[in-house]
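# Descriptive analysis of the structure
One-letter residues, chain by chain:
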Amino acid sequence: MNQAYEKEIVAIILYTSAFFIIMSVVLVLFFYFSRKKIIQKELEKKDLEIQYQKELLSAVIITQEDERKRIAQDLHDDISSKLNIVSLNSHLLTTPNLSEAEVKEITGNIINLTGKALDNSRKIAHGLLPPVLDKFGLHAGVEELCLEFSSSKSVEVNYQNNVQFNDSDKDKHLHVFRVLQELMNNSLRHGKASIVSILFEENNNVKTCRYSDNGIGFDLKNSINQKGLGMKNIESRIAFLNGVITIDSQINKGITVVFNF
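Bear in mind the structure is a predicted one, so any value in this text is a computation, not a measurement. (Residues numbered from 1 in each chain as written. Predicted model: local features only at pLDDT ≥ 70, side-chain atom pairs only at ≥ 80, totals over all residues. Heavy atoms only, no water.)

### Looking at a nonpolar patch on the surface
Our working definition: In this analysis, a patch consists of residues with relative accessible area above 30% that form no salt bridge, clustered at 9 Å for like charges and at 5 Å for the nonpolar side chains Val, Leu, Ile, Met, Phe, Trp and Tyr. Surface accessibility follows the Shrake-Rupley procedure with a 1.4 Å probe radius. Residue values consider only the protein chains on display as shielding. Salt bridge criterion: a side-chain nitrogen from Lys or Arg within 4 Å of a carboxyl oxygen from Asp or Glu. Only DSSP runs of H or I reaching four residues or more are called helices, and only runs of E reaching two or more are called strands; each is numbered from the N terminus. A 1.4 Å probe rolled over the protein chains alone gives each residue an accessible area, and that area as a share of the maximum for its type sets the label: buried under 20%, exposed over 50%, partly exposed in between.
A surface patch of nonpolar side chains, amounting to about 660 Å² of accessible area, comprises Phe-19, Phe-20, Met-23, Leu-27, Phe-30 and Phe-31. Tracing the backbone through its elements, the reader meets Phe-31 in helix 1 (residues 2–92). Assessed through its relative accessible area of 55%, Phe-31 is described here as exposed.

### Focus on the sheet that holds strand 4 (residues 245–249)
The condition that has to hold: Note: two strands are recorded as paired if DSSP finds a minimum of 2 bridges between them. Convention adopted: a line fitted to C-alpha atoms gives each axis, helices being fitted over their contacting stretch, and angles between N-to-C directions are expressed from 0 to 180 degrees. When checking whether two residues touch, look at their non-hydrogen atoms; a contact exists if any pair is within 4.5 Å.
The strand order 1-2-3-5-4 describes an open sheet built from 5 strands, whose pairing is mixed. Every interior strand has two partners, whereas the edge strands, strand 1 (156–161) and strand 4, have only one. Going across the sheet, the axis of each strand differs from the next one's by a mean of 10°, ignoring polarity. With 5 bridges joining them, strand 4 and strand 5 (residues 255–260) adopt antiparallel strand pairing. Following the sheet pairing, Asp-248 is matched in strand 5 by Thr-256. Lying on the sheet, helix 4 (residues 138–150) is in contact with strand 1 and strand 2 (195–203); it crosses strand 1 at an angle near 170°. Against the sheet, helix 5 (residues 170–189) makes contact with strand 1, strand 2, strand 3 (206–213) and strand 5, and its axis sits at roughly 10° relative to strand 3, the strand it touches most.

### Here we look at the nonpolar core
The line we're drawing: Definition used in this section: a nonpolar core is a set of buried Ala, Val, Leu, Ile, Met, Phe, Trp, Tyr and Cys residues joined via side-chain atoms within 4.5 Å.
If you look at the biggest cluster of nonpolar residues, it comprises 30 residues, and the most contacted ones within it are Leu-180, Ile-198 and Phe-200. Of all the secondary structure elements, the ones that give two or more residues to this core are helix 4, helix 5, strand 2, strand 3, helix 7 (229–240) and strand 5. Residue contributions to this core peak at 6 residues, all from helix 5. Apart from residues lying up to four places away in sequence, Leu-180 is in contact with Val-142, Leu-145, Ile-198, Phe-200, Cys-209 and Tyr-211.

### Overview of the packing of helix 4 against helix 5
Helix packing for two helices is described by the angle between their axes and how far apart those axes are. Filter applied, for reference: The labels follow the angle: roughly parallel below 35 degrees, roughly antiparallel above 145, roughly perpendicular from 65 to 115, and oblique for the rest. Handedness of each helix crossing follows the sense of rotation of the near helix against the far helix: counterclockwise by less than a right angle gives left-handed, clockwise gives right-handed.
The contact between helix 4 and helix 5 brings their axes to 10 Å, and the two run at 15°. By the angle class used here, helix 4 and helix 5 are roughly parallel. Considering how the two elements wind past one another, helix 4 and helix 5 form a crossing that is right-handed. Residues Leu-138, Gly-141, Val-142, Leu-145, Cys-146 and Phe-149 of helix 4 lie in contact with helix 5, whose contacting residues are His-173, Val-176, Phe-177, Leu-180, Gln-181, Met-184, Asn-185 and Leu-188.

### Focus on helix 4
Just so we agree on the cut-off: Take the residue count of a helix, subtract one, and multiply by 1.5 Å to get its expected span.
The first and last C-alpha atoms of helix 4 sit 18 Å apart over 13 residues, in line with the 18 Å expected at 1.5 Å per residue. For helix 4, the full list of buried residues reads Leu-138, Ala-140, Gly-141, Val-142, Leu-145, Cys-146 and Phe-149. Considering only its buried residues, helix 4 is in contact with helix 3 (131–136), strand 1, helix 5 and strand 2.

### A closer look at the state of the cysteines
Our working rule: Pairs of cysteine sulfur atoms within 2.5 Å are what we label disulfides.
For the structure on display, the rule yields 0 disulfides. No disulfide involves Cys-146; its sulfur sits 9.7 Å from the nearest other cysteine sulfur, which is in Cys-209. Owing to a relative accessible area of 0%, Cys-209 belongs among the buried residues under this scheme.

### Here's the deal with the packing of aromatic side chains
In plain terms, the rule: Two rings from Phe, Tyr or Trp (for Trp, the six-membered ring) form a pair when their centres are within 6.5 Å of each other. A pair whose planes differ by under 30 degrees is stacked, one over 60 is edge-to-face, and the rest are tilted.
The final tally for this structure, using the stated rule, is 5 aromatic pairs. Look at Phe-165 and Phe-261: their rings are 6.4 Å apart centre to centre, the planes differ by 25°, and that puts the pair in the stacked class. One end of the pair, Phe-165, is in the loop between strand 1 and helix 5; the other, Phe-261, is in the segment after strand 5, and 96 residues separate them in sequence. Overall, Phe-165 belongs to the buried group, its relative accessible area being 12%. Take Phe-261: its relative accessible area is 13%, and that puts it in the buried class. Centroid distance Phe-259 to Phe-261: 6.2 Å. Interplanar angle 40°. Geometry classified as tilted.

So, in C-alpha coordinates, the structure goes:
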(Lines give C-alpha, C1' and ligand atoms only; values in the text may rest on other atoms or scores of the structure.)
Protein backbone atom coordinates (compact mmCIF):
# COMPACT_ATOMS: atom_id res chain seq x y z
CA MET A 1 0.00 0.00 0.00
CA ASN A 2 2.81 2.35 0.97
CA GLN A 3 4.75 1.37 -2.13
CA ALA A 4 1.76 2.09 -4.35
CA TYR A 5 1.26 5.42 -2.65
CA GLU A 6 4.94 6.30 -3.01
CA LYS A 7 4.85 5.36 -6.70
CA GLU A 8 1.81 7.57 -7.14
CA ILE A 9 3.59 10.48 -5.43
CA VAL A 10 6.70 9.96 -7.57
CA ALA A 11 4.54 9.83 -10.70
CA ILE A 12 2.79 13.05 -9.73
CA ILE A 13 6.15 14.73 -9.08
CA LEU A 14 7.52 13.47 -12.40
CA TYR A 15 4.44 14.59 -14.35
CA THR A 16 4.46 17.95 -12.56
CA SER A 17 8.16 18.40 -13.23
CA ALA A 18 7.71 17.39 -16.86
CA PHE A 19 4.77 19.79 -17.16
CA PHE A 20 6.82 22.70 -15.76
CA ILE A 21 9.79 21.80 -17.93
CA ILE A 22 7.59 21.71 -21.03
CA MET A 23 5.91 24.98 -20.02
CA SER A 24 9.33 26.54 -19.43
CA VAL A 25 10.54 25.41 -22.83
CA VAL A 26 7.34 26.70 -24.45
CA LEU A 27 7.68 30.05 -22.68
CA VAL A 28 11.35 30.32 -23.63
CA LEU A 29 10.53 29.51 -27.25
CA PHE A 30 7.58 31.92 -27.16
CA PHE A 31 9.69 34.78 -25.81
CA TYR A 32 12.53 33.91 -28.18
CA PHE A 33 10.35 34.02 -31.30
CA SER A 34 8.41 37.02 -30.00
CA ARG A 35 11.65 38.87 -29.40
CA LYS A 36 12.90 37.80 -32.81
CA LYS A 37 9.70 39.08 -34.41
CA ILE A 38 9.96 42.38 -32.52
CA ILE A 39 13.58 42.81 -33.64
CA GLN A 40 12.55 41.96 -37.21
CA LYS A 41 9.77 44.57 -37.06
CA GLU A 42 12.22 47.14 -35.67
CA LEU A 43 14.66 46.38 -38.49
CA GLU A 44 11.87 46.71 -41.05
CA LYS A 45 10.89 50.03 -39.46
CA LYS A 46 14.50 51.22 -39.63
CA ASP A 47 14.69 50.12 -43.27
CA LEU A 48 11.53 52.09 -44.04
CA GLU A 49 12.93 55.16 -42.28
CA ILE A 50 16.19 54.85 -44.20
CA GLN A 51 14.26 54.42 -47.46
CA TYR A 52 12.14 57.47 -46.61
CA GLN A 53 15.25 59.54 -45.90
CA LYS A 54 16.75 58.36 -49.19
CA GLU A 55 13.59 59.43 -51.02
CA LEU A 56 13.70 62.84 -49.34
CA LEU A 57 17.36 63.26 -50.21
CA SER A 58 16.67 62.14 -53.78
CA ALA A 59 13.85 64.71 -54.03
CA VAL A 60 16.19 67.46 -52.82
CA ILE A 61 18.92 66.46 -55.28
CA ILE A 62 16.47 66.27 -58.21
CA THR A 63 15.00 69.65 -57.26
CA GLN A 64 18.47 71.18 -57.03
CA GLU A 65 19.45 69.75 -60.42
CA ASP A 66 16.22 71.01 -61.99
CA GLU A 67 16.86 74.44 -60.47
CA ARG A 68 20.42 74.45 -61.82
CA LYS A 69 19.17 73.49 -65.28
CA ARG A 70 16.58 76.27 -65.17
CA ILE A 71 19.17 78.84 -64.09
CA ALA A 72 21.62 77.64 -66.75
CA GLN A 73 18.87 77.85 -69.37
CA ASP A 74 17.88 81.35 -68.24
CA LEU A 75 21.49 82.49 -68.29
CA HIS A 76 22.01 81.04 -71.76
CA ASP A 77 18.73 82.17 -73.33
CA ASP A 78 18.23 85.56 -71.69
CA ILE A 79 21.59 86.86 -70.54
CA SER A 80 24.16 85.24 -72.82
CA SER A 81 22.22 85.84 -76.05
CA LYS A 82 21.62 89.51 -75.22
CA LEU A 83 25.27 90.05 -74.26
CA ASN A 84 26.34 88.47 -77.56
CA ILE A 85 24.22 90.98 -79.48
CA VAL A 86 25.62 93.79 -77.31
CA SER A 87 29.11 92.61 -78.20
CA LEU A 88 28.26 92.57 -81.94
CA ASN A 89 26.78 96.07 -81.73
CA SER A 90 29.85 97.28 -79.86
CA HIS A 91 32.06 96.02 -82.69
CA LEU A 92 29.82 97.79 -85.19
CA LEU A 93 30.66 101.08 -83.51
CA THR A 94 34.28 100.60 -84.62
CA THR A 95 33.16 100.48 -88.28
CA PRO A 96 34.62 103.49 -90.14
CA ASN A 97 32.49 106.24 -91.71
CA LEU A 98 29.36 105.57 -89.62
CA SER A 99 26.76 108.29 -89.84
CA GLU A 100 25.48 110.02 -86.71
CA ALA A 101 22.10 108.32 -87.15
CA GLU A 102 23.75 104.87 -87.39
CA VAL A 103 25.84 105.52 -84.26
CA LYS A 104 22.71 106.64 -82.42
CA GLU A 105 20.79 103.55 -83.53
CA ILE A 106 23.57 101.13 -82.53
CA THR A 107 24.08 102.89 -79.19
CA GLY A 108 20.35 102.73 -78.55
CA ASN A 109 20.36 98.98 -79.25
CA ILE A 110 23.25 98.48 -76.81
CA ILE A 111 21.51 100.47 -74.06
CA ASN A 112 18.19 98.65 -74.63
CA LEU A 113 19.71 95.17 -74.60
CA THR A 114 21.92 95.95 -71.61
CA GLY A 115 18.84 97.12 -69.68
CA LYS A 116 16.96 93.92 -70.54
CA ALA A 117 19.94 91.79 -69.51
CA LEU A 118 20.07 93.61 -66.15
CA ASP A 119 16.34 93.08 -65.60
CA ASN A 120 16.64 89.37 -66.38
CA SER A 121 19.67 88.97 -64.09
CA ARG A 122 17.66 90.59 -61.27
CA LYS A 123 14.80 88.14 -61.88
CA ILE A 124 17.19 85.18 -61.74
CA ALA A 125 18.77 86.51 -58.52
CA HIS A 126 15.29 87.12 -57.08
CA GLY A 127 14.36 83.51 -57.83
CA LEU A 128 17.45 82.23 -56.01
CA LEU A 129 17.02 84.42 -52.93
CA PRO A 130 14.31 87.08 -52.82
CA PRO A 131 15.95 90.35 -51.63
CA VAL A 132 12.95 91.28 -49.47
CA LEU A 133 13.21 87.96 -47.61
CA ASP A 134 16.94 88.42 -47.08
CA LYS A 135 16.73 92.07 -45.97
CA PHE A 136 13.42 92.30 -44.14
CA GLY A 137 12.63 88.76 -43.01
CA LEU A 138 10.02 86.07 -43.56
CA HIS A 139 6.93 88.21 -42.94
CA ALA A 140 7.91 90.74 -45.62
CA GLY A 141 8.98 87.95 -47.97
CA VAL A 142 5.62 86.15 -47.67
CA GLU A 143 3.78 89.46 -48.08
CA GLU A 144 5.61 90.08 -51.35
CA LEU A 145 4.96 86.49 -52.47
CA CYS A 146 1.23 86.94 -51.80
CA LEU A 147 1.21 90.22 -53.74
CA GLU A 148 2.93 88.58 -56.70
CA PHE A 149 0.31 85.81 -56.87
CA SER A 150 -2.69 88.07 -56.22
CA SER A 151 -1.50 90.57 -58.86
CA SER A 152 -2.43 88.01 -61.52
CA LYS A 153 -6.11 88.61 -60.59
CA SER A 154 -6.71 84.87 -60.95
CA VAL A 155 -6.38 84.14 -57.23
CA GLU A 156 -7.24 85.91 -53.98
CA VAL A 157 -4.61 85.47 -51.26
CA ASN A 158 -5.51 85.98 -47.60
CA TYR A 159 -2.44 86.30 -45.38
CA GLN A 160 -2.38 86.72 -41.59
CA ASN A 161 0.67 86.64 -39.34
CA ASN A 162 0.52 86.39 -35.53
CA VAL A 163 4.20 85.51 -35.06
CA GLN A 164 7.29 87.57 -34.35
CA PHE A 165 10.07 86.08 -36.48
CA ASN A 166 13.65 86.08 -35.23
CA ASP A 167 16.34 87.29 -37.67
CA SER A 168 18.70 84.61 -36.35
CA ASP A 169 16.46 81.94 -37.93
CA LYS A 170 16.90 83.17 -41.51
CA ASP A 171 18.06 79.77 -42.74
CA LYS A 172 14.87 78.19 -41.40
CA HIS A 173 12.76 80.98 -42.86
CA LEU A 174 14.09 80.33 -46.37
CA HIS A 175 12.79 76.74 -46.15
CA VAL A 176 9.40 77.98 -44.90
CA PHE A 177 9.28 80.48 -47.77
CA ARG A 178 10.11 77.77 -50.34
CA VAL A 179 7.42 75.48 -48.89
CA LEU A 180 4.80 78.22 -49.28
CA GLN A 181 6.10 79.02 -52.76
CA GLU A 182 5.72 75.36 -53.77
CA LEU A 183 2.25 75.10 -52.21
CA MET A 184 1.02 78.25 -53.96
CA ASN A 185 2.41 77.10 -57.30
CA ASN A 186 0.63 73.76 -56.82
CA SER A 187 -2.63 75.52 -55.89
CA LEU A 188 -2.64 77.54 -59.11
CA ARG A 189 -1.06 75.07 -61.52
CA HIS A 190 -2.70 71.84 -60.39
CA GLY A 191 -5.41 72.80 -57.90
CA LYS A 192 -7.01 75.54 -60.05
CA ALA A 193 -7.68 77.42 -56.80
CA SER A 194 -9.21 80.90 -56.71
CA ILE A 195 -8.68 81.51 -52.95
CA VAL A 196 -5.54 80.79 -50.92
CA SER A 197 -5.17 81.37 -47.17
CA ILE A 198 -1.97 81.50 -45.10
CA LEU A 199 -1.89 81.85 -41.31
CA PHE A 200 1.13 81.93 -38.98
CA GLU A 201 0.51 81.21 -35.28
CA GLU A 202 2.65 80.40 -32.23
CA ASN A 203 1.77 78.22 -29.24
CA ASN A 204 4.21 77.17 -26.48
CA ASN A 205 7.14 78.54 -28.52
CA VAL A 206 6.20 76.35 -31.50
CA LYS A 207 5.53 78.26 -34.71
CA THR A 208 2.85 76.81 -36.99
CA CYS A 209 1.80 77.63 -40.53
CA ARG A 210 -1.68 76.74 -41.76
CA TYR A 211 -2.13 76.79 -45.54
CA SER A 212 -5.36 76.10 -47.41
CA ASP A 213 -6.99 76.61 -50.79
CA ASN A 214 -10.38 76.03 -52.41
CA GLY A 215 -9.01 74.11 -55.39
CA ILE A 216 -10.02 70.78 -56.91
CA GLY A 217 -8.05 68.86 -54.25
CA PHE A 218 -6.85 65.30 -54.70
CA ASP A 219 -7.19 61.79 -53.32
CA LEU A 220 -4.76 61.27 -50.43
CA LYS A 221 -5.02 57.49 -50.84
CA ASN A 222 -3.51 57.75 -54.31
CA SER A 223 0.21 56.98 -53.90
CA ILE A 224 1.06 59.03 -57.00
CA ASN A 225 -0.25 62.16 -55.28
CA GLN A 226 1.65 61.35 -52.10
CA LYS A 227 4.95 60.69 -53.87
CA GLY A 228 4.94 63.58 -56.32
CA LEU A 229 8.20 65.48 -56.56
CA GLY A 230 6.60 68.67 -55.26
CA MET A 231 5.29 66.97 -52.12
CA LYS A 232 8.60 65.18 -51.55
CA ASN A 233 10.40 68.52 -51.85
CA ILE A 234 8.04 70.03 -49.26
CA GLU A 235 8.46 67.07 -46.90
CA SER A 236 12.24 67.24 -47.20
CA ARG A 237 12.26 70.92 -46.23
CA ILE A 238 10.00 70.24 -43.23
CA ALA A 239 12.37 67.42 -42.24
CA PHE A 240 15.29 69.87 -42.32
CA LEU A 241 13.26 72.11 -40.02
CA ASN A 242 12.67 69.18 -37.62
CA GLY A 243 9.00 69.91 -38.06
CA VAL A 244 5.85 67.88 -38.56
CA ILE A 245 3.50 68.26 -41.52
CA THR A 246 -0.10 67.09 -41.94
CA ILE A 247 -1.95 67.21 -45.25
CA ASP A 248 -5.71 66.94 -45.66
CA SER A 249 -7.39 66.97 -49.05
CA GLN A 250 -10.45 65.60 -50.81
CA ILE A 251 -11.63 65.74 -54.39
CA ASN A 252 -13.32 69.13 -55.05
CA LYS A 253 -12.69 70.23 -51.44
CA GLY A 254 -9.29 71.86 -51.75
CA ILE A 255 -6.29 71.18 -49.56
CA THR A 256 -5.20 72.06 -46.02
CA VAL A 257 -1.55 71.81 -45.00
CA VAL A 258 -0.34 72.41 -41.45
CA PHE A 259 3.31 72.35 -40.49
CA ASN A 260 5.44 73.59 -37.60
CA PHE A 261 9.00 74.87 -37.57
